[in-house]
Amino acid sequence: MDSRRRTRYKRRYKGNIKRIRQRNRRVGLFLLIVFLAIVGVTNIVKTKHREAAAQAYAEQQAEKENQEAKEQEDSGLKLADESEKDQWYLKLVNAKNPMTQEDVPEVATETIDSNGYQVDARIMDDLEEMFAAAQAAGRNPVICSAFRSWDTQEYLYQNKIQRVMTEEGLTEEEAAVEAGTVVAVPGTSEHQIGLALDIVSSQYMNLDEKQMETEDQQWLMENSWKYGFILRYPLNKSDITGIIFEPWHYRYVGREAAKEIYEQDITLEEYLGAEPVGSSQAIESDSEESSTE
């Protein structure tokens, strides 16, 4: 009797264990399905949120571009297209858009004349055409500075620091600040990208405001845009360019941009819609040699 009872008990126990395991599997499967459903719903919600955020951002950008276009239209200025702003010939280099030594673009240069001055090879044809036109008009402008390597700009800057320390008795830190008001800090001079030239009259070679009174310089001011060059630091624009008036510093920007900049009497900063550098940061010269440097 006891043996049969134990046997029934064992069978009942095994049956209960089997039912419990089956129930646990069903519960586990149910929980897994619920978990996957929650994950799926969560992913759908997150995806919708991302799509909504992306759409909102796109709408904001579109609104911003429309506002800028409206402001541009209201101002009556024709500025550079967004697709043009990243082109090599419109690269902006100034105190608020400096380059590190690593991100200065590699420039394939070509020698201009017997003095060994060099420029970006891509502007040579336009440069030679401009000088040929000047000579045909009876003018004889002369290049006195062009492409500068990082080392050359660094030498000019450090040399000025040492001179200021000697002449004014300043500390090196104080002299560095003073030097930066006269010589462009390395990485902020567009001579370093091979698109800038200092051009003077053969009749007057000093780098000062009298330069603009020469016939050679007047011809360049009136005609350089036809060949893709602009007077980079014009009169009464120091608050925008950060450089004083330099009636000898020309910058290649391409013929279309040069025409639009010249006709509207604006600077490269304005044409690109860039932040003004500010007159408080204006340096005395971005030239390699001048009466002051």
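What counts, and at which threshold
- Residues numbered from 1 in each chain as written.
- Predicted model: local features only at pLDDT ≥ 70, side-chain atom pairs only at ≥ 80, totals over all residues.
- Heavy atoms only, no water.
- Pairing = 2+ DSSP bridges.
- Helix = DSSP H or I, 4+ residues; strand = E, 2+ residues; numbered from the N terminus.
- Axes fitted to C-alpha atoms, helices over the stretch in contact; angles between N-to-C directions.
- Core = buried A, V, L, I, M, F, W, Y, C linked by side-chain atoms within 4.5 Å.
- Buried < 20%, exposed > 50% of the residue type's maximum accessible area, 1.4 Å probe, protein only.
- Contact = heavy atoms within 4.5 Å.
- Polar contact = N/O pair within 3.5 Å; in protein donor to acceptor, adjacent residues only side chain to side chain.
- Phe/Tyr/Trp six-rings, centres within 6.5 Å; stacked < 30°, edge-to-face > 60°.
- Lys NZ or Arg CZ within 6 Å of the ring centre and 35° of its normal.
- Salt bridge = Lys/Arg side-chain N within 4 Å of Asp/Glu carboxyl O.
- Expected span 1.5 Å × (residues − 1).
- Patch = residues over 30% accessible without salt bridge, like charges linked within 9 Å, V, L, I, M, F, W, Y side chains within 5 Å.
- Areas by Shrake-Rupley, 256 points an atom, 1.4 Å probe, with all protein chains shown as cover.

A look at the sheet that holds strand β6 (residues 249-252)
What links the strands of a sheet is backbone hydrogen bonding, and the strands pair in either a parallel or an antiparallel sense.
At step 1: Sheet architecture is open: four strands sit in the order β3-β4-β6-β5, paired in antiparallel fashion. Only two strands of the sheet have a single partner each, and these edge strands are β3 (141-145) and β5 (229-231). Neighbour-to-neighbour, the strand axes of the sheet open up by a mean angle of 40°, direction not taken into account.
At step 2: Relative to β6, strand β4 (residues 196-201) runs antiparallel, the two being bridged by three bridges.

Some remarks on the nonpolar core
At step 1: Core analysis: the biggest nonpolar cluster contains 38 residues, and L90 and M130 have the highest contact counts within it.
At step 2: Among the secondary structure elements, those contributing two or more residues to this core are α2 (124-136), β4, α5 (215-223), β5, β6, α7 (255-264) and α8 (268-272).
At step 3: It is α2 that provides the largest number of residues to this core, a total of five residues.
At step 4: In contact with L90, not counting residues within four places along its chain, are A80, E84, K85, R251, V253, A257, L268, Y271 and L272.
At step 5: With eight residues, the next largest nonpolar core counts L156, Y157, V182 and V183 among its residues.

Quick look at unusual backbone geometry
At step 1: Of note, N236 is a non-glycine position whose phi angle comes to about 65°, a positive value.
At step 2: Secondary-structure assignment places N236 in the loop between β5 and α6 (238-241).
At step 3: On the basis of relative accessible area, N236 is assigned to the exposed category, the value being 67%.
At step 4: Residue D265 is not a glycine yet carries a positive backbone phi of 55°.
At step 5: Position of D265 relative to the elements: it lies in the loop between α7 and α8.

With respect to the environment of E82
At step 1: Within the secondary structure, E82 is located in the loop between α1 (2-75) and β1 (109-111).
At step 2: Note on E82: relative accessible area 52%, which makes it exposed.
At step 3: Within the structure, the side chain of E82 is placed 2.9 Å from the side chain of K85, a separation counted as a polar contact.

Re the pairing of β6
At step 1: Residues of β6 alternate between two faces, with H249 and R251 on one and Y250 and Y252 on the opposite face, all of them buried.
At step 2: In this sheet, β6 lies alongside β5 in antiparallel orientation, the contact comprising three bridges. Directly across from L231, in β6, lies its bridge partner Y250.

Looking at the packing of aromatic side chains
At step 1: Within the structure shown, the criterion is met by four aromatic pairs.
At step 2: Their ring planes at 85° and their centres at 5.4 Å tell us that W88 and Y89 sit as a pair that is edge-to-face.
At step 3: Residue classification places Y89 among the buried positions, given a relative accessible area of 18%.
At step 4: Each residue in the set W88, Y89, F229 and Y252 is aromatic and connected to the rest through ring pairs, giving one cluster.
At step 5: Geometry around W88 places R122 over its ring, the cationic atom sitting 3.9 Å from the centre.

Quick look at the pattern of salt bridges
At step 1: Applying the stated criterion across every chain yields a total of 14 salt bridges.
At step 2: With a closest N to O distance of 3.9 Å, E260 and K78 form a salt bridge. One end of the pair, E260, is in helix α7; the other, K78, is in the loop between α1 and β1, with 182 residues separating them in the sequence.
At step 3: Given a relative accessible area of 10%, E260 falls into the buried group.
At step 4: Taken together, the salt bridges that share partners define one network made up of E190, R232, R251 and E269.

A look at α2
At step 1: The first and last C-alpha atoms of α2 sit 18 Å apart over 13 residues, in line with the 18 Å expected at 1.5 Å per residue.
At step 2: Buried within α2 are the following residues: M124, D126, L127, M130, F131 and A134.
At step 3: Positioned one or two residues after α2, G138 has a phi angle of 85°, which is positive.

Describing a nonpolar patch on the surface
At step 1: On the surface, a cluster of nonpolar side chains totalling about 570 Å² of accessible area is made up of L29, L32, I33, F35, L36 and V39.
At step 2: Note on placement: L36 falls in helix α1.

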